[in-house]
Amino acid sequence: MEYVFSDRLKALSGTATREILKLTQGGDILSFAGGLPARECLPVGDIEAILQELMQSGGLARVLQYGISEGTAALRAAFGRVFLEDGIEADPDETVIVSGGQQGLELCCKAFVNRGDAVLVEDPTYLAFLQIVKSYEGRPVGVRSTDEGLDLNDLEEKMKTLSPKLLYVVPTFSNPTGKTYTAKNRRALLALAERYGVMIVEDDPYAKLRFSGQPVPPIKSLDKTGRVIYIQSLSKVFSPGLRVAAVAAAKPVAQKLVVGKQNTDLHTGALSQYAAQRFLESGKLNQNIAAGIHIYRERKEAMAAALDRYIPAGVCTRTDPEGGLFVWCELDKRIDTDRLFARAVEQRIAFVPGRVFFADGSGGNTLRLNFSNAPPKDIDRGMEILGRLIGQTLANSAKISYNKSE
């Protein structure tokens, strides 16, 4: 049977992290690939108590029924209080509950992107967003970045010449680099977006996982004109499996996102919404975050120390994030991380090769490492193996160069 798929999906394959996650499901591979929160940070006991209370109160039938597409009023109000902690004012009719932050991204593209439209992203950026843009036949275009955030000259030039529909940013503990935009950079990129009429999609799943440095206000908190669509997920601070996130946007945008959601999944699972609502109302979110920060700080420090210990000097430039889940490495240009990944899997470790995070497929000597889902001893063992493989790759490269010179 020959299948004739739609043009928008013909060229798409599964994202690298999803495919790697399949590879690591057997349990014998030490994975530094997916952005999984630590098992110790999943509030299993709290969720069990919430579900027990629900069943004993006779309310189970209510949450097994259909719900409204924008999400329950109680959960939207609970998210509104969380938003307010970060200086974001969003009424319930400006808030949409979505099935994970990634659905929020998909709905933004559904609402704004037409075939051929340019969508600006940081280079590198979250790989799933690149896939989503392409699925709507848009054109992701990378913007250079610096240690302070986006390269504003490059951003303005591309806004001016490409008339992009969206600018997508992960400004706090960025996926994949772990970098954070400065407050000055955030104000400047918002001013450029206003000048050139570009909507900003601010993806903010990691900001609460800060273990050093000072918080930086979300771009949405600076937004006075409805230019910014803000997405906050509970996946990294509550449960990734329940798939609950919220979008804060100007009312006309929120209404359009709801229409798009109705055609996707009708509404986010009511049982998941109820569990998230009760957890937020319990006041335990910050307690759970604090426990996670302690674990993630220790694991990030273990990874940084192991990378410095095991990777040959001068071979690796890495980020040193103040929070989040990832460390980004740029290796010697002689190292192709796709090939390195294949060799690493043979040694039963995994990471994400960096090429998939770039709009133009560059970055072949880069990689992303997740530190949140492995204890320090496993991190040390994994980085030792990775360092040895990198050393062997460089040694082989030197032999090849020497033979060529002969």
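Above this text you will find the structure in question.
Cut-offs and rules
Residues numbered from 1 in each chain as written. Predicted model: local features only at pLDDT ≥ 70, side-chain atom pairs only at ≥ 80, totals over all residues. Heavy atoms only, no water. Helix = DSSP H or I, 4+ residues; strand = E, 2+ residues; numbered from the N terminus. Rg over C-alpha atoms; globule rule 2.2 N^0.38 Å. Buried < 20%, exposed > 50% of the residue type's maximum accessible area, 1.4 Å probe, protein only. Contact = heavy atoms within 4.5 Å. Lys, Arg positive; Asp, Glu negative; His and termini not counted. Charge placed at Lys NZ, Arg CZ, Asp CG, Glu CD. Salt bridge = Lys/Arg side-chain N within 4 Å of Asp/Glu carboxyl O. Phe/Tyr/Trp six-rings, centres within 6.5 Å; stacked < 30°, edge-to-face > 60°. Polar contact = N/O pair within 3.5 Å; in protein donor to acceptor, adjacent residues only side chain to side chain. Pairing = 2+ DSSP bridges. Right-handed = clockwise from strand over helix to strand, strands pointing away.

Peer 1: Where do I start with the overall build of the protein chain in this structure?
Peer 2: A count of helices and strands for the protein chain gives 14 helices and 15 strands. The C-alpha atoms of the protein chain give a radius of gyration of 22 Å, which matches the 22 Å a tight globule of 406 residues would have. Its C-alpha atoms give the protein chain principal-axis dimensions of about 75 × 60 × 50 Å. In the protein chain, which comprises 406 residues, the share counted as buried stands at 53%. Here the analysis covers contacts within the protein chain between residues at least 6 apart in sequence; of these, 75% occur between residues at least 24 apart. Averaging the locations of the 50 positively and 48 negatively charged side chains of the protein chain gives two centres separated by 2 Å.

Peer 1: How do you make sense of the pattern of salt bridges when you look at a structure like this?
Peer 2: Pairing between side chains of opposite charge can happen when the charged atoms of each approach one another. Considering all chains together, one arrives at 27 salt bridges under this definition. The salt bridge partner of K179 is D147, with a shortest N-O separation of 3.7 Å. Note that K179 is positioned in the loop between strand 7 (166-169) and helix 9 (183-196) and D147 in the loop between strand 5 (145-146) and strand 6 (149-150), a separation of 32 residues in sequence. Between K377 and D378 there is a salt bridge, with the nearest N and O atoms lying 3.5 Å from each other. Connected via shared salt-bridge partners are R144, D151, D154 and K158.

Peer 1: Could you clarify how one ought to interpret the packing of aromatic side chains in this entry?
Peer 2: Each pair of aromatic rings is reported with the distance of its centres and the angle of its planes. In total, this model carries nine aromatic pairs according to the counting rule given. Members of the aromatic cluster, each reached through a chain of ring pairs, are F79, F83 and Y230.

Peer 1: So what exactly am I meant to see when it comes to the side chain of R368 here?
Peer 2: In this structure, R368 sits in strand 15 (residues 366-370). Although R368 is buried, it makes no salt bridge; D203 carries the closest opposite charge, 10 Å away. Within polar-contact distance, the side chain of R368 engages the backbone oxygen of A33 at 2.6 Å. Within polar-contact distance, the side chain of R368 engages the side chain of N175 at 2.8 Å.

Peer 1: Help me understand the environment of G354 in this model?
Peer 2: You can see G354 is positioned in the loop between strand 14 (352-353) and strand 15. Measuring from C-alpha to C-alpha, the distance between G354 and T177 comes to 10.0 Å, with 177 residues separating the pair along the chain. Not counting residues up to four positions away in its chain, the partners in contact with G354 are W328, T337, S362, G363, T366 and L367.

Peer 1: Just to check I follow, could you spell out the pairing of strand 7 for this structure?
Peer 2: Within a regular beta strand, the side chains point alternately toward one face of the sheet and then the other, so they alternate between its two faces. Judged by which residues are buried, strand 7 turns out to be covered on both faces: L166 and Y168 on one side and L167 and V169 on the other are all buried. Sheet analysis places strand 3 (residues 118-122) next to strand 7, joined by three bridges and oriented parallel. Bridged to V121 within strand 7 is Y168. Once the chain exits strand 7 it traverses helix 9 before rejoining the sheet at strand 8 (residues 199-203), and the crossover so formed is right-handed.

Peer 1: Can you walk me through the sheet that holds strand 12 (residues 326-331) in this structure?
Peer 2: Sheets are built from strands that pair by backbone hydrogen bonding, the pairs being arranged parallel or antiparallel. Taken in spatial order, the four strands of this open sheet run 11-12-15-14, and their pairing is antiparallel. Each end of this open sheet is capped by a strand with a single partner; those strands are strand 11 (316-318) and strand 14.

Peer 1: So what exactly am I meant to see when it comes to the pairing of strand 12 here?
Peer 2: Among the six residues of strand 12, five are classified as buried, and the element is accordingly described as predominantly covered. Bridge count between strand 11 and strand 12: three bridges; the pairing is antiparallel. Paired with R318 across the two strands is C329, which belongs to strand 12. Bridge count between strand 12 and strand 15: five bridges; the pairing is antiparallel. Its bridge partner being in strand 15, C329 is matched across the sheet by L367.

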